[in-house]
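An overview of the molecular structure
Now for the letters of each chain:
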Amino acid sequence: MKKFISVIAATLCAAAVNAQSLGEIAGSLSESAAKGAPEAVEDIEAKARAGDARAQLAVGSYYALGERGLPKDAQKAVYWLEKSAAQKDKAAMVYLGYIYGEGKLLERDFQKAVFWREAAAEIGDAAEKWSLGNAFLYGFRLPKDQQKALFWITRAAEGGNADAVEKLIEIHENLGNVQELEKWNAALSKMQLEAAQTGNTLAMLAVAQKFMSGKKGLPRRPAQAVFWYKKAADAGNKEAMEKVAKMYARGRFLPKNPEKAQEYLEKLAAGDPAYCFKIASLYGEGKDGFPKDGKKSADWFAKGAEKSDITTRLFAVFRYWRIGETQTALKLCGEIGAQSKKLLAAIEEKSPDGIQAMIVKQTLKTVERMQADISGGKPAPENTGAYLNGNPTPN
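Parameters and conventions
Residues numbered from 1 in each chain as written. Predicted model: local features only at pLDDT ≥ 70, side-chain atom pairs only at ≥ 80, totals over all residues. Heavy atoms only, no water. Phe/Tyr/Trp six-rings, centres within 6.5 Å; stacked < 30°, edge-to-face > 60°. Helix = DSSP H or I, 4+ residues; strand = E, 2+ residues; numbered from the N terminus. Buried < 20%, exposed > 50% of the residue type's maximum accessible area, 1.4 Å probe, protein only. Lys NZ or Arg CZ within 6 Å of the ring centre and 35° of its normal. pLDDT = per-residue confidence, 0-100. Contact = heavy atoms within 4.5 Å. Expected span 1.5 Å × (residues − 1). Polar contact = N/O pair within 3.5 Å; in protein donor to acceptor, adjacent residues only side chain to side chain. Core = buried A, V, L, I, M, F, W, Y, C linked by side-chain atoms within 4.5 Å. Salt bridge = Lys/Arg side-chain N within 4 Å of Asp/Glu carboxyl O.

The tally for this structure, following the rule as stated, stands at twelve aromatic pairs. When the ring of Phe 115 is compared with that of Trp 116, the centres are 4.9 Å apart and the planes differ by 80 degrees; the resulting orientation is edge-to-face. Taking 5.8 Å as the distance between ring centres and 80 degrees as the angle between the ring planes, the aromatic pair formed by Trp 321 and Tyr 387 counts as edge-to-face. Of this pair, Trp 321 sits in helix α19 (residues 310–322) while Tyr 387 sits in helix α22 (residues 384–388), and the two are 66 residues apart along the sequence. Accessibility assignment for this pair places Trp 321 and Tyr 387 in one class, buried. Counting every residue linked through ring pairs, the aromatic cluster contains Phe 315, Phe 318, Trp 321 and Tyr 387. Here Lys 267 stacks its cationic end above the ring of Tyr 264, 5.8 Å away from the centre of that ring. The ring of Tyr 387 has Arg 369 sitting right over it, with the charged end atom 3.9 Å from the ring centre.

So, on to the confidence of the model for the chain. In this model, the chain carries an average pLDDT of 88, and 89% of its residues clear a pLDDT of 70 or more. Confidence over residues 1–34 falls short of pLDDT 50; this stretch has 71 contacts with residues more than four positions distant or in other chains.

This next bit is on helix α11 (residues 162–175). In this model, α11 (14 residues) spans 20 Å end to end at C-alpha, consistent with the 20 Å of a helix rising 1.5 Å per residue. Turning to α11, its buried residues number three or more, namely Ala 162, Ala 164, Val 165, Glu 166, Lys 167, Leu 168, Ile 169, Ile 171 and His 172. Taking the backbone nitrogen of Asp 163 as reference, a side-chain oxygen 3.1 Å away marks Asn 161 as the first, capping residue of α11. At the exit of α11 stands Gly 176, carrying a positive phi of roughly 75 degrees.

Turning our eyes to something else, we now look at helix α7 (residues 90–102). Turn by turn, an α-helix covers 3.6 residues, leaving residues three or four places apart pointing in a common direction. With 13 residues, α7 ought to run about 18 Å at 1.5 Å a step, and its terminal C-alpha atoms sit 18 Å apart, in line with that. Among the 13 residues in α7, eleven count as buried, and that is most of the element. Of all the residues in α7, the buried ones are Ala 91, Ala 92, Met 93, Val 94, Tyr 95, Leu 96, Gly 97, Tyr 98, Ile 99, Tyr 100 and Gly 101. At the N-terminal boundary of α7, the capping side chain belongs to Asp 89, with an oxygen 3.1 Å from the backbone nitrogen of Ala 91. Once α7 finishes, Gly 103 follows within two positions and takes phi at roughly 75 degrees, a positive value.

Counting residues in hydrophobic clusters, the biggest one holds 57 residues, and the most contacted among them are Tyr 229, Leu 265, Val 317 and Met 370. Excluding its chain neighbours within four sequence positions, the residues that come into contact with Tyr 229 are Leu 205, Ala 208, Gln 209, Met 212, Ala 240, Lys 243, Val 244 and Met 247. Among the nonpolar cores identified, the runner-up in size contains 38 residues, and Ile 44, Ala 77, Tyr 98 and Phe 136 belong to it.

Counting across every chain of the model gives 18 salt bridges. In this structure, the salt-bridge partner of Glu 242 is Lys 278, at a minimum N-O distance of 3.2 Å. Of the two residues, Glu 242 sits in helix α15 (residues 238–250) while Lys 278 sits in helix α17 (residues 273–285), which places them 36 residues apart along the sequence. Using a relative accessible area of 30% as the deciding quantity, one classes Lys 278 as partly exposed. The partner of Lys 267 in a salt bridge is Glu 263, with the nearest N and O atoms 3.7 Å apart.

Before going further, it helps to examine unusual backbone geometry. A negative phi angle is the norm for most residues apart from glycine, just as the trans form is the norm for most peptide bonds. In this model, Arg 68 sits at a positive phi of 55 degrees, which is unusual for a non-glycine residue. Position of Arg 68 relative to the elements: it lies in the loop between α5 (53–65) and α6 (74–85). For Arg 68, a relative accessible area of 33% corresponds to the partly exposed category. Phi angles above zero are rare outside glycine, and Arg 141 is one such case at about 60 degrees. Counting through the fold element by element, Arg 141 comes out in the loop between α9 (126–138) and α10 (146–158).

So, on to the side chain of Glu 128. Inspection of the secondary structure assignment puts Glu 128 in helix α9. Within the local environment of Glu 128, its side chain forms a polar contact with the backbone nitrogen of Asp 125, the two atoms lying 2.7 Å apart.

This is the structure in structure tokens:
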């Protein structure tokens, strides 16, 4: 859910929250600045004296930061920032709020910090109202105030900010406010549907889950759930792909089709080795529409182990050994042995008597033992852990 929120939530204006950014505003006050030639400070100051709000903001920020050849001067910074703020420049208002709330340039004054931050949020967009609500909620350069936090977060949610809507759901769920909870769940679901219709796969997944459960703002409609699960799966959402694979495998909500289930899982496995082990397990146990097939189980396990650690690759050898695929098991042993020898040579150049060298040498002994046991026709051990730890008998 958080991922979905971050995708559809409005982005905060950097100039409204970052003092250093505000100090750079003068660099974009003229056409020449846009071409790489910053406007002279004297010209910016002249514009400020003439009443240009952005120039006043820039000059104020320079005095606040001690930049562009101007000394750090709190009184002059506030003078010019207040001039700009008086003309409803939101960035200047927020900057003043930060200065008074931080208490570094000036003595901390929460009353003035609240005044300027609220003045900016009042004329700002939903994202700016959300930012202020959070500042009150967590006490970021403002006093903690739950009532003000709820007020501004609600204003942000009413303006369509999805982060604010989700926070209201959390708040009203904790407070047990059923009517408010239903209201904001419905609002969030509407946002998610709109985002899903524009191709947002995380929104598709969220909508599918809600239609399937019939909770949190949407009615239970399995057909709609399946539609959005398939849309998300076909767009590459992993969770949706796994869900659709299970539906096809079990014949629930979709016609039973083991081949389609395998198709989805194999697409997942192509990009994530963890799904190779999952497929290996399904073939090994004959579950969810997969036929019981030891060879395919071993093949998928080995595929997943290719880029894994040596111990995992050794377990792949055991799988082939158990089903009588001795030539494949021996081939894999050879590959592991060659890899281990190469690793040992690199380690011994730096620390021949170190712990890492000892571990790799033990692995080589295990591989040699496995090769001898497999070639000698011994059965695969039932207790693979004991075998790897040096148990003298396979079973």
